[in-house]
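A closer look at the structure
Spelled out, the chains give:
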Amino acid sequence: MSEIFTTANILFMIRGAGYSLLLALCAILLGGILGVACSAAKLSHSRILNAIATIYVELFRGTPMLLQILFFFLGIPVLYQRLTGTRMNADPYIVGALALSFNSGAYQTELIRAGIQGVDRGQWEACETLGIGYGTMMKEVILPQAFKRIVPPLVSEFITLIKDSSLISNIGALELLYAAQVLGKKYYDYLDPLILAGIMYLFMTVITSWLSRKVERRLSASD
Amino acid sequence: MIEVKHLSKRFSELQALDDINLTVHDQEIVCLIGPSGSGKSTLCRCIHGLETPEKGEIWLDGEQMNPADKVRYAAQRRRIGFVFQHFNLFHNKTVLQNCMLAQTAAGTASSKAEQISMEYLTRVGLAEKRDEYPSKLSGGQQQRVAIARALCMSPEVMLFDEPTSALDPEMIKEVLDVMKDVGRQGMTMVVVTHEMGFACKVANRIVFLDGGKIVEESASEEFFEHPKTDRARDFLSKVLYD
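Described in the following lines is the structure provided in the data block. It should be emphasised that the depicted structure is a prediction, and the values quoted were computed from it without experimental measurement.

Some thoughts on a positive patch on the surface
- Taken together, the side chains of R213, K214, R217 and R218 of chain A define a basic patch exposed on the protein surface.
- When you line up the elements, R217 of chain A lands in helix α8 (residues 191-219).

Here it is, written out as structure tokens:
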């Protein structure tokens, strides 16, 4: 074990991990809002809404996340300057969080849509024959059942986000992987910081999995 | 009570129903029987509007059911109860909540809804299961709850789409007993079934379908004792064991 692991350096890494987690949380929440809106658009009968949601999903699922992050951080300011003639200073954290959110929103759209459509057709028909309106049906019957099916893939989406937030290091935002690289550069030793970063990522993802198993067990009370 | 006029329904290549005409009178119990794929379930589902027919009309109590007239159509559908082959109880709700949901959604106070629900759950013999989730009940019990749930909306007609086909053999009778009891109270019923014993003893009239057409229609005793058509005779000789 080297001189790298001083209290200050470890705190620096923990701060990096905190940013990673924060970025992932922002993305799962903002992406969740996008996902709910776009899955509703996809399930609606409106052709226009449907087309918008489909284009959004295909665009963000079909291009590399790193490209999206660079586009948000480096591409959009240029576009802004060309259109308005003034410069724009982009904050790498905010831009990073937005890029992650838009990316995650595309995946969550499909996840939520599949969860809702996966609810047994008989449940919809039972509501129909009992004269239960659309709002009540969704709130009381379909969404609670869909939610149960959505939780496990949503957790793996969150785990993916914790790891993918490391891509934000490319635009100079401090997060866990970037912190490890900073220390590596400083001490000419990448091995120890990278191992520590790996352990910290694992710690966050394993805890998340464990929490989700608890939640799943809770939700399966009626099965 | 119910009139079906010139009803036709196609599923891509298959002509599921071909120009069906059927009248079900008030308080009558009509059993739809026939081989698999004869269209009996489709007919049952069309009456409630779960399937959209290509052609034809459904009339309820002298008024046509027209999906374009949304408010009236919804009110008409509420007068018809439906029981599914696979029960379709709400998995995330207890037995009592299953019975109450449609009532409270329609604006009934929850104390009143609970009282009505318990009345019907008692009638199907499952009052003590009120707080169980459907997954904890046997198939027969689930179907009895589903019948109670439909009755809670005080329908004037009940449609049963193969209510015992998904049940273990020893649970069929408890469900048929409940249905018989419902019929005795004067409910108008249309029952799609393979239970010939039930059809023979409980139904007033048998409608025999094959290939999307009504092949024979007669009083139940007459149908089982003296079937008029060769097709019905052939069908009965294959399903009845004596």
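Re the environment of V182 of chain A
Residues and elements named next belong to chain A.
- Counting through the fold element by element, V182 comes out in helix α7 (residues 176-187).
- For V182, a relative accessible area of 32% gives the class partly exposed.
- It is 9.8 Å that separates the C-alpha atoms of V182 and F12, two residues lying 170 residues apart in sequence.

A closer look at the nonpolar core
- Counting residues in each nonpolar core, the largest one holds 50 residues, and the members touching the most others are I33, I147, M158, M179 and M189 of chain B.
- Apart from the residues lying within four places of it in its own chain, the contact partners of I33 of chain B are K40, T193, M196, I206, V207, F208, L209, F223, F224 and F235 of chain B.
- I116 and A126 of chain A together with L7 and V30 of chain B belong to the second largest nonpolar core, which has 46 residues in total.

A look at the sheet that holds strand β1 (residues 2-11) of chain B
Residues and elements named next belong to chain B.
- The strand order β2-β1-β4-β5 describes an open sheet built from four strands, whose pairing is antiparallel. Only two strands of the sheet have a single neighbouring strand rather than two, namely β2 (14-24) and β5 (63-64).
- Sheet strands touched by helix α1 (residues 40-48): β1, β2 and β4 (55-60). Its angle to β1, the strand with the most contacts, is close to 115°.

Things to note about the interface of chain A and chain B
- In this complex, chain A contributes 20 residues to the contact, which on the side of chain B involves 24 residues.
- Summed over the shared surface of chain A and chain B, the number is three salt bridges.
- With its nearest N and O atoms 2.8 Å apart, the salt bridge here joins E128 of chain A to R77 of chain B.
- Our enumeration of links across chain A and chain B arrives at eight residue pairs in polar contact (both at pLDDT 80 or more).
- Of all the secondary-structure elements, those providing two or more residues to the side of chain A that touches chain B are α5 (121-130) and α6 (134-164) of chain A.
- Sort the elements by how many residues they give to the side of chain A that touches chain B and α5 of chain A lands first, with nine residues.

A closer look at the side chain of T188 of chain B
All names here are of chain B.
- Assignment of secondary structure puts T188 in strand β8 (residues 188-192).
- Here the side chain of T188 touches D26 through a polar contact of 3.4 Å, side chain to side chain.
- Once residues within four sequence positions are removed from consideration, T188 is found in contact with M1, V24, H25, D26, Q27, E28, E156, V157 and M158.

Quick notes on the packing of helix α1 (residues 7-43) of chain A against helix α4 (residues 92-117) of chain A
Residues and elements named next belong to chain A.
- Where α1 meets α4, the closest approach of the two axes is 5 Å, and the angle between their N-to-C directions is 45°. One element, α1, and the other, α4, form an angle in the oblique class. Seen from above, α1 lies across α4 with right-handed handedness.
- Residues that form the contact of α1 with α4 fall into these classes: 16 nonpolar, eleven polar and three charged.

About the cut-offs
- Residues numbered from 1 in each chain as written.
- Chains lettered and ligands numbered in written order.
- Predicted model: local features only at pLDDT ≥ 70, side-chain atom pairs only at ≥ 80, totals over all residues.
- Heavy atoms only, no water.
- Patch = residues over 30% accessible without salt bridge, like charges linked within 9 Å, V, L, I, M, F, W, Y side chains within 5 Å.
- Areas by Shrake-Rupley, 256 points an atom, 1.4 Å probe, with all protein chains shown as cover.
- Salt bridge = Lys/Arg side-chain N within 4 Å of Asp/Glu carboxyl O.
- Lys, Arg positive; Asp, Glu negative; His and termini not counted.
- Charge placed at Lys NZ, Arg CZ, Asp CG, Glu CD.
- Helix = DSSP H or I, 4+ residues; strand = E, 2+ residues; numbered from the N terminus.
- Buried < 20%, exposed > 50% of the residue type's maximum accessible area, 1.4 Å probe, protein only.
- Core = buried A, V, L, I, M, F, W, Y, C linked by side-chain atoms within 4.5 Å.
- Contact = heavy atoms within 4.5 Å.
- Pairing = 2+ DSSP bridges.
- Axes fitted to C-alpha atoms, helices over the stretch in contact; angles between N-to-C directions.
- Polar contact = N/O pair within 3.5 Å; in protein donor to acceptor, adjacent residues only side chain to side chain.
- Parallel < 35°, antiparallel > 145°, perpendicular 65-115°, else oblique.
- Left-handed = near helix turned anticlockwise from the far one by under 90°.
- Nonpolar A, V, L, I, M, F, W, Y, C, P; charged D, E, K, R; others polar.

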